[in-house]
Amino acid sequence: MAAGALAVLLSCLSCCGSALWRYHAASPNYRIFSTRTTITLEYEGTLFSEWSVPRTCSIKDKRSPKTELRCSTPGFQNIKPIVTGPDLEDERNLFVDSTNICFLWYLKIAQYYHNFTQVIMIWVYDPENADPAELQLKADAPSLNSYVLTRQMATLGQRPSIRTLLKRKFYLSDEKLKDGAWHISVPMAANDIIKDIKGNQVTFQDCFVSDVLFLLGFPWLTIPEIPGFLPISSPRGSQLMIVSAACVPSSIVLVAHMETFQTNDSFRTWTTIRVPPGILTDEERSNVSGVSISPDGVFFLINGVLYLKNTTTFVKLGSKENIPDGGIIGLTTRKWCWINYLLKANKRSNLAIWTRDAVYLGYDSLEFVEITNMKKVRESIYIPSIATLSIHSIVYTAHPFEFGMFLSYCLTCNVMKQIYLGIYNEDSRQWLLKDFSLNVTRDTFITPHFVYSSMPELILWDKHRIYYSYHDFSANGVIQTPTEFGNLSKLSDDSVIHDVYLDYYGNILVKMENNNLFFFKIYVRDAVKLPLWTNKATKTQFFLNSVSQVNFVSVFENGTLGVQEFPLSLEIRSATYKTKEKCPFVAFHNNIDRVFYILDKKKKLSIWAQIVYPENKGLYIIMELYGPKLLEYKFHNKYEIASGFCTKTMDIMLYQTINYEAVHDYFKLQDQNTGLMIIQVRPSEFGKTCPTPPRVFQVAIGCDASKYIVVKGFDYNDCPRHDFFYIIEKSYLRHRPNKNLRVKYSWKKYGCPLKVDFRTNFHPLLELHNENGYIENVEVNFIVWEIHGRDDYSFNMTMQKSGCLNEAQTWKSMTTLNKHLPLEEAWGPQNYKHCFSYAIGKPGDLSQPYEIINKSNRNHLVWPMHRTGMYVFRVKILDPNYSYCNLTALFAIETYGVIPSPNGYLVFSVLFLLMLLFCSILTFSYFHYMRIYKHLYGSTDKRKQKNN
């Protein structure tokens, strides 16, 4: 398929007369571009004469339009084609590196939906000696060279592992090779997509294997191709439209003038999206003006009407879904991915659509809500009644909960209009009119994009110029060029701007309709033109591939696609080499290794950043915070100078000091002090060649949903895994019901009960855990209660022994005080008051049991001595300054060791029988001995009579 697309491309180029030249490397995405690399030079056009290369490089055939080049010396190499005629081709200064990294990891991923796992097959390959299928990333198994190389590396101790950057999971490969490769099984995860492969520091022929960063999440389903369905497309002559899922960038939809294409693997493979006949007319099918992708499917905007295409259906959306049946002028989805965020509201939108007068947000399962309309806007701010006010466009910002609404405003609307900006926060549900305005001609359409930053910072463009608004709208202007005052069209043969690509590294790439390219970086106010990479007559669009590199996709007239890798970093270094532009700083380091931090009560976040720059530059580090003012912070700066370089280090401490104990409205105070802040740490100056972007990250203040508490010593493995029933006698229950309580013991809920001798008092020890395991021992106060209502247990400590000065809170007092609340809500951190001050509480009976436990107060649970029992307790953290979470846990205790009390009737019966037996024996003995006596007495009398 790629070969056919290339043939079509070359055929097109040969007839169009456009000339350009490119270079390629065997290493995918130009990851290895060194003195060991074979560089392929390729000229497209009819005016080629020969190649001009430096002496440090050797060329295979300098008179061939396509040849191979090797450079033995590292550094910048000036390369250009010599052509006939007056026009000169662009020269490039390619930077050839010197490195000991020669080998790469090859990945082949198998999806197993029955258990939601992905098995990654990994082997080592040498790009300079690899099989063509490996270079095209289509191999199913190692080639012979790769097979031998992988086995050799494994013998030397090589063993790859996969690390996830968001959740910090670690997966090790199988120790033994299978079919010449290692295998690693990882779970499918939509919230842990950024992964990298690392190996041991093992060399073969002085060469290492390069680590690789890649994106792998939960795969999206591909819409099936059904015979008889018809193509859906944009109008003939229009430019390509492309959209990708923000957190799954390899899932892409591309709309061309003859077909719509879908891919889930960055165009390694693709399918077409077609619609059933009879729903759209031929004119409607070829008039797509907007497209967006979401978990619900692919949305198409056609003649002001919204349609949805998914794996099972193609439907028209309208009033049934609470959106207009027509008049929709735009739709958009989020551009920047935030996997984790702290949302106080119930949900977050993933789609926005708008008419001239209203904005609608779309949620999962096709739920739409109107957020605002122009009538509400006019009521909230003063707008003259004669003025025209309409929605120009909607764009999501880099903030996970915000989008910008750009308003078009004019009075007479004859020549000029003004563009204003309002930002809506979905969590707070508040609008904020920003200090931004742009004057443009009446018929000008402005396309805005928010860059990846903490503050709302903008790049906007019309057909000819790029506008910027940096530093919270305080720095505004037009991106300048060396000539033509920023008019990119005059530098591109009067072509107009097609699209602008922005990435997480601050790179901004402008593509004209004739494929001319301009580059600048965030906070930079001028652009540089890059050499032409794709023929001017070919319709192209850029996208982010699965290894976070920008690529170009081209659509040809025969309905095929061609993908070209684009060496952005090499092109930037080549273009800026001529201007001698350098990054103002040498290095920018920091310890910010996450994009999401969450702070609980009394927790602190310590970060640092360091900048190294030439002496007398006067650079410094800036920290910018955006969002509600929830945190306090401290700075500590250190400064060093040596050998003509300055080093500045800034230590930053972020924290809260709110005291929640004994406050009037605990939950309201918590709500006021929880939320999300976006923080950015950056150098004070940037340049187009700076490799290190600003560090943007979230700090959420609130409950970490992954945290939970456990009672130490309890698990689910030390007992038979089955449920059973037991009876609690009514006299042991708190409310003294009329009958005994039959309880089902659920092993899945309660785990294994801990067996405790009745003579042993029990002291629960709590541990705090999260999804990664143990965090810390819980030192603060907590309470326990038996969830089925038992109250036949007590505590060994009294209030007096615990040091109370006033009567302490107990379950009895708190349930009496809060009769309207369920038992589990009657007492907690929201109403806890300690007893160790005369100013808090009131005097009372201090001989009562003290019912509050912590790790160090030696307060134990005491069991009744005259019976055994099964107790299921719930434990809750009582300290109001410990956590924003309602931390609870269940544990079960089974007491043993008590001899059951005898039954009185049984004792009486046994004694009666014993006495009866004893009396019977006495009676029997009496008569027995009387018989013996009579016999003896009678014999004696007879003997006397005989003697007489």
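The rules we used
Residues numbered from 1 in each chain as written. Predicted model: local features only at pLDDT ≥ 70, side-chain atom pairs only at ≥ 80, totals over all residues. Heavy atoms only, no water. Phe/Tyr/Trp six-rings, centres within 6.5 Å; stacked < 30°, edge-to-face > 60°. Helix = DSSP H or I, 4+ residues; strand = E, 2+ residues; numbered from the N terminus. Buried < 20%, exposed > 50% of the residue type's maximum accessible area, 1.4 Å probe, protein only. Lys NZ or Arg CZ within 6 Å of the ring centre and 35° of its normal. Core = buried A, V, L, I, M, F, W, Y, C linked by side-chain atoms within 4.5 Å. Contact = heavy atoms within 4.5 Å. Disulfide = S-S within 2.5 Å. Patch = residues over 30% accessible without salt bridge, like charges linked within 9 Å, V, L, I, M, F, W, Y side chains within 5 Å. Areas by Shrake-Rupley, 256 points an atom, 1.4 Å probe, with all protein chains shown as cover. Salt bridge = Lys/Arg side-chain N within 4 Å of Asp/Glu carboxyl O. Domains from an automatic or database assignment. Pairing = 2+ DSSP bridges. Axes fitted to C-alpha atoms, helices over the stretch in contact; angles between N-to-C directions. Polar contact = N/O pair within 3.5 Å; in protein donor to acceptor, adjacent residues only side chain to side chain. Expected span 1.5 Å × (residues − 1). Arc of directions from axis to C-beta.

Student: What exactly am I supposed to notice about the packing of aromatic side chains here?
Tutor: Two numbers describe a pair of aromatic rings. These are the distance of the centres and the angle of the planes. In total, this model carries 58 aromatic pairs according to the counting rule given. Their ring planes at 15 degrees and their centres at 4.5 Å tell us that Tyr-106 and Trp-123 sit as a pair that is stacked. Here the residue Tyr-106 occupies a position in strand 8 (residues 101-112), and Trp-123 occupies one in strand 9 (residues 117-125), the gap between them amounting to 17 residues. Note on Trp-123: relative accessible area 0%, which makes it buried. Among the aromatic residues, ring-to-ring pairing joins Trp-21, Tyr-23, Tyr-30, Phe-33, Tyr-43, Phe-48, Trp-51, Tyr-501, Trp-533, Phe-542, Phe-552 and Phe-566 into one connected group. Over the aromatic face of Phe-95 sits the side chain of Arg-573, whose NZ or CZ is 3.8 Å from the ring centroid.

Student: So what exactly am I meant to see when it comes to the nonpolar core here?
Tutor: A general trend in soluble globular proteins is that nonpolar side chains are found buried together. Counting residues in hydrophobic clusters, the biggest one holds 63 residues, and the most contacted among them are Ile-459 and Ile-466. With residues near it in sequence (within four places) discarded, Ile-459 still touches Thr-447, Pro-448, His-449, Val-451, Ile-466, Tyr-467, Tyr-468, Tyr-470, Leu-502, Ile-508 and Phe-520. One finds Phe-762, Leu-766, Met-797 and Leu-846 within the second-largest nonpolar core, a separate group that totals 41 residues.

Student: Just to check I follow, could you spell out the state of the cysteines for this structure?
Tutor: Think of a disulfide as a covalent bridge from one cysteine sulfur atom to another cysteine sulfur atom. Enumeration according to the criterion identifies seven disulfides in this entry. What pairs with Cys-57 in a disulfide is Cys-71, and their sulfur atoms sit 2.0 Å apart. Taking the sign of the torsion about the S-S bond as the criterion, the disulfide between Cys-57 and Cys-71, at about 100 degrees, is right-handed. Of this pair, Cys-57 sits in strand 4 (residues 57-59) while Cys-71 is found in strand 5 (residues 66-71), placing the two residues 14 residues apart along the sequence. Cys-71 carries the same exposure label as Cys-57, and that label is buried. Sulfur-sulfur distance for the disulfide between Cys-703 and Cys-885 comes to 2.0 Å. Across the disulfide from Cys-703 to Cys-885, rotation about the S-S bond amounts to roughly 105 degrees, and the bridge is consequently right-handed. Within this pair, whereas Cys-703 is found in the loop between strand 52 (695-701) and strand 53 (708-711), its partner Cys-885 is found in the loop between strand 62 (869-877) and strand 63 (888-896), the two being separated by 182 residues in sequence. When its relative accessible area of 31% is taken as the criterion, Cys-703 is described as partly exposed.

Student: Help me understand a nonpolar patch on the surface, please; the structure alone is not making it clear to me.
Tutor: Where nonpolar side chains cluster on the molecular surface, the patch consists of Val-907, Val-910, Leu-911 and Leu-914 and spans about 330 Å² of accessible area. In this structure, Leu-911 sits in helix 11 (residues 904-947). Taking the relative accessible area as the measure of exposure, Leu-911 reaches 47% and is therefore partly exposed.

Student: What should I look at first to understand the domain arrangement of the chain in this one?
Tutor: Reports often express the size of an interface as the amount of accessible area lost when the parts come together. Domain boundaries assigned for the chain yield domain 1 (18-96), domain 2 (101-215), domain 3 (587-701) and domain 4 (708-896). The centre of domain 1, based on its C-alpha atoms, is set 45 Å off from the matching centre of domain 3.

Student: Whenever I open this one, the pairing of strand 63 confuses me. Can you help?
Tutor: Two faces belong to every sheet, and in a regular strand the side chains alternate between them. In this structure, strand 56 (residues 754-757) lies alongside strand 63, joined through four bridges in parallel fashion. What sits directly across from Lys-755, in strand 63, is Glu-894. When strand 62 meets strand 63, the two strands line up antiparallel, connected through eight bridges. Across the sheet, the residue bridging to Val-872 is Ala-892, located in strand 63.

Student: Would you mind showing me how to read the sheet that holds strand 25 (residues 314-317) here?
Tutor: If you trace the four strands from one edge of the open sheet to the other, you get 22-23-24-25, paired in antiparallel fashion. Of all strands in the sheet, those with a lone pairing partner are strand 22 (288-294) and strand 25, marking the two edges. On average, each strand axis in the sheet is tilted by 25 degrees relative to the strand beside it, whichever way the strands run. Relative to strand 25, strand 24 (residues 305-309) runs antiparallel, the two being bridged by four bridges. Across the sheet, the residue bridging to Lys-309 is Phe-314, located in strand 25.

Student: What exactly am I supposed to notice about the sheet that holds strand 36 (residues 466-470) here?
Tutor: Pairing between the strands of a sheet comes from backbone hydrogen bonds, and it takes one of two forms, parallel or antiparallel. Strand order in the open sheet formed by four strands is 34-35-36-37, with antiparallel pairing between adjacent strands. The sheet is open, and its two edges are formed by strand 34 (447-450) and strand 37 (475-478), each paired on a single side. Taking each pair of neighbouring strands and ignoring which way they run, the sheet shows an average axis angle of 15 degrees.

Student: What is the right way to look at the environment of Asp-526 in this model?
Tutor: Checked against the element boundaries, Asp-526 lands in the loop between strand 40 (517-521) and strand 41 (528-530). Taking the C-alpha atoms as reference points, Asp-526 and Val-478, separated by 48 residues in sequence, lie 8.3 Å from one another. Here Lys-688 takes part through its side chain, which lies 2.7 Å from a polar atom of the side chain of Asp-526.

Student: Just checking my understanding: could you explain the environment of Ser-574 for this structure?
Tutor: Mapping Ser-574 onto the fold places it in helix 6 (residues 568-579). Linking Ser-574 and Leu-144, residues 430 residues apart in sequence, is a C-alpha distance of 37 Å. Not counting chain neighbours up to four residues away, the residues in contact with Ser-574 comprise Arg-92 and Asn-93.

Student: Help me understand the pattern of salt bridges in this model?
Tutor: Side chains that differ in charge, positive against negative, can pair when their charged atoms come close. For the structure shown, the criterion picks out 30 salt bridges. Between Lys-108 and Asp-140 there is a salt bridge, with its nearest N and O atoms 3.0 Å apart. Here Asp-140 lies in the loop between helix 2 (132-135) and helix 3 (144-155) and Lys-108 lies in strand 8, a separation of 32 residues in the sequence. Lys-108 sits in the partly exposed class, given a relative accessible area of 29%. When salt bridges that share partners are traced, they join Arg-22, Glu-42 and Glu-44 into one network.

Student: Help me understand the environment of Lys-320 in this model?
Tutor: Locating Lys-320 in the fold gives a position in the loop between strand 25 and strand 26 (330-332). Judged by its relative accessible area of 78%, Lys-320 is exposed. Sequence separation between Lys-320 and Arg-594 is 274 residues, and the spatial gap between their C-alpha atoms is 42 Å.

Student: So what exactly am I meant to see when it comes to helix 3 here?
Tutor: In an α-helix, one full turn covers 3.6 residues, which means residues spaced three or four apart are oriented alike. In a regular helix each residue adds 1.5 Å, so twelve residues correspond to 16 Å; helix 3 covers 17 Å between its end C-alpha atoms and thus fits that length. Listed in full, the buried residues belonging to helix 3 are Ser-146, Leu-149, Thr-150 and Met-153. Looking straight down helix 3, one finds its buried side chains confined to an arc of 100 degrees; they lie on one side. Among the exposed residues of helix 3, those pointing more than 90 degrees away from its buried face are Leu-144, Val-148 and Thr-155. Looking at the buried residues of helix 3, the elements they touch are strand 8, strand 9, helix 2, strand 12 (182-187) and strand 14 (208-209). Gly-157 occupies a position one or two residues after helix 3 and carries a positive phi of about 110 degrees.

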